Amino acid sequence: MNRLDQTGAAAAPSPASASGPLRLDVVTIFPDYLRVLDLSLIGRAHADGLLDLRVHDLRDWTHDRHRTVDDTPIGGGAGMVMKPDVWGAALDNVLAAPLPAAPASAECAEPAEAASLPAPRRVLVIPTPSGELFTQRTAENLAGADQLVFACGRYEGIDARVAEHYAASGVEVHELSIGDYVLNGGEAAVLVMIEAIARLRPGVLGNPESIVEESHTGAGLLEYPVYTRPVAWRGLDLAATEPVLLSGDHARIDRHRRDQAVSRTAVRRPDLMARLDPARLDAGDRAALTRNGWVAPAGAAHPVPLVVRPALEADLPALADLAARTFPDACPSFLTSEQIAAHIAVNLSPQRLATWLADPRVVLTVAELPDGLPTPPEVPGTSLPPGALVGYSAVVAESLDAAGALPAGLDPRPPSVGVPTGPDGVGGLAAELSKVYVDARLRASGIAPTLLAEAVCDAATMGVTALWLGTNDANRRAQKAYRRAGFRKVGTRTYEVGGERCRDVVMVLNPQETVA
Ligand code: SAM
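Residue indices begin from 1 for each chain and proceed along its sequence in written order. Residues qualify for local features only when their pLDDT is at least 70, as the model is predicted, and side-chain atom pairs are given and counted only at 80 or more; totals for whole chains, interfaces and linings, by contrast, use all residues. Side-chain figures throughout are based on the complete set of non-hydrogen atoms in the structure, without hydrogens or water.

**What to know about the UniProt feature "binding site: S-adenosyl-L-methionine" (unreviewed entry) in the protein**
This is how it is decided: UniProt positions are given in the numbering used here, feature names are shortened, and annotations may be inferred rather than shown by experiment. Only DSSP runs of H or I reaching four residues or more are called helices, and only runs of E reaching two or more are called strands; each is numbered from the N terminus. Only heavy atoms enter the contact rule, under which two residues are in contact if any of them lie within 4.5 Å. Exposed residues in this analysis have more than 50% of their type's maximum accessible area, buried residues have under 20%, and partly exposed residues fall in between, with area computed by a 1.4 Å probe over protein chains only.
Using the residue numbers shown here, the UniProt feature "binding site: S-adenosyl-L-methionine" (unreviewed entry) corresponds to Gly-153, Ile-178, Gly-179, Asp-180, Tyr-181, Val-182 and Leu-183. Among the secondary structure elements, Ile-178 is positioned in the loop between strand S7 (172-177) and helix H7 (186-198). If we skip the residues at most four places from it in the chain, Ile-178 touches Leu-133, Phe-134, Leu-183, Ala-189, Val-192 and Met-193. When you line up the elements, Val-182 lands in the loop between S7 and H7. The exposure class of Val-182 is exposed, given its relative accessible area of 68%.

**Quick word on the domain arrangement of the protein**
This is how the line gets drawn: Those domain boundaries reflect an automatic or database domain assignment. Simply put, the buried area is the total loss of 1.4 Å probe accessible area from both parts when two parts are fitted together. What makes a salt bridge here is a side-chain nitrogen of Lys or Arg within 4 Å of a carboxyl oxygen of Asp or Glu, nothing more. Contacts described as polar in this section are N or O atom pairs within 3.5 Å, which, within protein, must combine one atom able to donate a hydrogen with one able to accept it, while residues neighboring in sequence count only if both atoms come from side chains. Charged residues are taken to be Asp, Glu, Lys and Arg, nonpolar residues to be Ala, Val, Leu, Ile, Met, Phe, Trp, Tyr, Cys and Pro, and polar residues to be all remaining types, Gly included.
Per the domain assignment, the segments of the protein are domain 1 (22-212), domain 2 (221-305) and domain 3 (306-515). Carbon and sulfur atoms make up 68% of the surface buried where domain 2 meets domain 3, a total of about 1,100 Å² over both sides. For the interface between domain 2 and domain 3, the tally reads zero salt bridges. Linking domain 2 with domain 3 are three residue pairs in polar contact (both at pLDDT 80 or more). Those elements that provide at least two residues to the side of domain 2 that touches domain 3 are helix H10 (283-291), strand S10 (294-295) and strand S11 (304-305). Considering every element that reaches the side of domain 2 that touches domain 3, the biggest residue donor is H10, with four residues. For the side of domain 2 that touches domain 3, the residue count by class is nine nonpolar, three polar and two charged.

**What about the pattern of salt bridges?**
The final tally for this structure, using the stated rule, is 28 salt bridges. Notably, a salt bridge pairs Asp-52 with Arg-54, separated by 3.0 Å at the nearest N-O pair. Each member of the pair, Asp-52 as well as Arg-54, carries the same accessibility label: buried. Across the salt bridge formed by Arg-291 and Asp-259, the nearest N and O atoms sit 3.5 Å from each other. With Arg-291 in helix H10 and Asp-259 in helix H9 (residues 250-268), this residue pair connects regions lying 32 residues apart in the sequence. Residues participating in the shared-partner salt-bridge network are Arg-255, Arg-258, Asp-259, Asp-282, Asp-285 and Arg-291.

So this is what it looks like as structure tokens:
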């Protein structure tokens with residue numbers, strides 16, 4: 001006999017799991033459709049008593065000669081609607097069924113204790129394309145039930161009063177859709193749901209580890225791509241494309257896979273970004289997000305889109321404001337606010353920024369939040385409006401214009417910065433990475449490394465062979481970020497802010513080597 005009990009009569013389950021078997025009742029006019037549940041892991045879980053699976057023929061609750069389950073729609077229209085009286089009789093019966101095996105603790109309980117046990121959680125699931133979307137969260141929730149009763153619709157669906165009646169009677173009712181498309185009947189949807197729910201029950205999967213970090217679990221990322229032997233197959237050689245996976249360095253492999261999971265999710269399912277939990281993202285995740293056009297600042301409810309693009313004339317007022325706001329953060333503490341203001345008035349004025357924008361030797365880049373940053377309820381006052389600029393960078397090339405002048409605002413290149421020849425052995429060009437600043441509210445969200453990577457790429461395109469910068473020698477955080485991007489310290493310089501002499505560390509990188 002098929003392991004599925006198609007009559008609904010009590011099929012004695014094997015011994016229950018510690019939490020008792022999950023009872024699954026499927027009511028359908030096509031019981032044979034559900035026979036596939038007899039196969040594979042679900043079939044084995046049923047045989048092992050982890051699931052108590054019953055399939056019922058809805059027509060067993062009809063009373064007419066033709067075993068009628070449908071009628072024409074009240075109000076007119078195409079198709080047929082499934083009758084509430086037939087469904088009511090079926091569901092009353094199935095929802096009242098005694099559950100097959102009480103939890104182990106209840107079996108040994110004294111009668112008084114047994115009486116105080118919570119009532120079993122029975123859930124009525126009605127698949128419908130107009131239901132709420134069935135997701136991994138839904139599966140996790142339903143995996144905690146004691147009984148799931150699935151009502152498979154056909155034709156135009158089940159009379160809407162069925163869901164209404166059972167919800168009003170205190171039954172937990174879920175009308176669920178498995179996706180935005182229309183099937184002929186609920187059976188295929190129920191197969192999908194049962195498979196997703198049952199594999200979360202203890203003991204159903206051989207290796208419980210395999211459900212810990214899957215797509216849609218944990219932080220809500222899609223899974224990274226997976227590979228197996230042979231290493232090279234039809235010209236696709238993992239030694240060339242995925243060398244980290246063959247390195248044996250498990251920390252690097254974990255980081256690499258996590259980066260791939262973040263990229264995949266951002267590219268394939270941007271709709272999932274709103275459901276990502278920033279609290280479950282680490283610094284590496286944030287950097288991977290920004291590389292893919294999203295940013296998850298600390299305290300944000302979810303990641304928001306980030307655009308890194310060339311600055312435009314329309315950006316100038318906001319850019320000047322951002323520059324004035326962010327410059328003081330990088331200054332040593334002994335500078336007075338007057339000295340800082342004097343520096344900003346000359347070097348970060350809207351006029352200076354406009355001059356840079358008009359100069360082809362300067363690449364001015366901005367980081368913009370096109371949708372802004374909504375205020376998380378628990379962190380009031382941190383919101384930013386759509387289109388807010390939150391970071392910028394400036395690369396200023398050391399080349400002369402037609403009048404023989406260097407770009408405005410280019411600092412003198414320190415003697416410690418040599419200019420190597422280009423890849424073809426000729427020329428060589430120096431440029432100052434004059435600015436990389438990020439709004440304090442978005443610090444450590446991965447924007448600075450993204451702006452840095454962009455600046456290095458732009459410099460490479462311009463033919464720069466020595467991209468150098470000066471940063472205050474007390475600002476260890478900035479130096480660390482530059483080191484991570486490939487810059488190395490070559491010396492120091494003195495830098496004046498509002499007439500006060502400050503000591504800078506000088507760092508350099510050859511973009512031709514980095515980008516190649
Ligand atoms: N007239 C319905 C509508 O437009 O919403 C569609 C009815 S459909 C042809 C028949 C049955 O298939 C539904 O009652 C439901 O049980 C099932 N079904 C179809 N698409 C589904 C989906 N995306 N998710 C879950 N069940 C679905």
